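Close look at the chain arrangement
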Amino acid sequence: MRKGYVPFLQRTFDAWGVDKVVHIGDLVDWNSISYHEKHPSNSNAYREYKQAKKQVAKIAEAFPKVDWMIGNHDALTQRQATTAGIPLDCLKDYADLWEVDWTVHPRFYKLLLDDVLYCHGDTGPGGQHSAYKHAVNNFKSTVQGHHHANGGVKYYTNEKFRVFGMDVGCGVDYKLLQFEYGRKFPRKPVLGCGVVVNGKQAYFEPWVLPSR
Ligand SMILES: [Fe+2]
């Protein structure tokens, strides 16, 4: 997480009078236990867990009540356990693992709030305007994360209905080694967050970055 992201979220949510917070998933990266090739200088799993826990604590302190959609990265402990043949009963649940008192929604869950569907976004269709494509397919306004380089809102309307798709961006510090895989791509993660008003309107708030 890039430094300053939590205060940005607090300022934004205060300005909008936000009364409910959804974490769209991939709260943590878990680079060290991912299925991808690792950079040799990266942290080990224990150090990553301890460091990530400090960042999670900052988020939980700012937002004590959250609906957390489990993302593909959050799920890496369970995914690796399954690969190794370890029963999931042997693991701590996600809230215990990260010491958050949040409502945890399992991977691929679709949460409906004010008739807007919230999902992590790792079920396809992907690419640009992924949330918009989901909204059209579901014919339901849809908010999602997962695609770090997507941030924004797009509406679809017919004679009777209007729906929106919002990609909420993210707060990652993509200059860190864990994101080395993205260095070759010109597109970078869009830093920001999303706000939904009464289930009818959606606004993507890009983060005006502090200088390093
Ligand atoms: Fe994801």
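Per the counting criterion, the structure on display carries 14 aromatic pairs. Here the aromatic rings of Phe-139 and Phe-161 are separated by 5.7 Å at their centres, their planes lie at 75°, and the arrangement is edge-to-face. Note that Phe-139 is positioned in the loop between α5 (130–138) and β6 (142–144) and Phe-161 in the loop between β7 (151–157) and β8 (162–168), a separation of 22 residues in sequence. For Phe-139, a relative accessible area of 29% gives the class partly exposed. Overall, the relative accessible area of 49% leaves Phe-161 in the partly exposed class. Ring geometry for Tyr-155 against Phe-164: centres 5.9 Å apart, planes inclined by 65°, an arrangement best described as edge-to-face. Since its relative accessible area comes to 35%, Tyr-155 is described here as partly exposed. Overall, Phe-164 belongs to the buried group, its relative accessible area being 1%. Through pairs of rings, three or more aromatic residues link up here, namely Tyr-132, Phe-139, Tyr-156 and Phe-161. Over the face of the ring belonging to Tyr-132 we find Lys-154, whose NZ or CZ atom lies 5.0 Å from the ring centre.

Definitions and limits used
Residues numbered from 1 in each chain as written. Predicted model: local features only at pLDDT ≥ 70, side-chain atom pairs only at ≥ 80, totals over all residues. Heavy atoms only, no water. Phe/Tyr/Trp six-rings, centres within 6.5 Å; stacked < 30°, edge-to-face > 60°. Helix = DSSP H or I, 4+ residues; strand = E, 2+ residues; numbered from the N terminus. Buried < 20%, exposed > 50% of the residue type's maximum accessible area, 1.4 Å probe, protein only. Lys NZ or Arg CZ within 6 Å of the ring centre and 35° of its normal.

Spatial relationships are all this shows, so hold off on functional conclusions.
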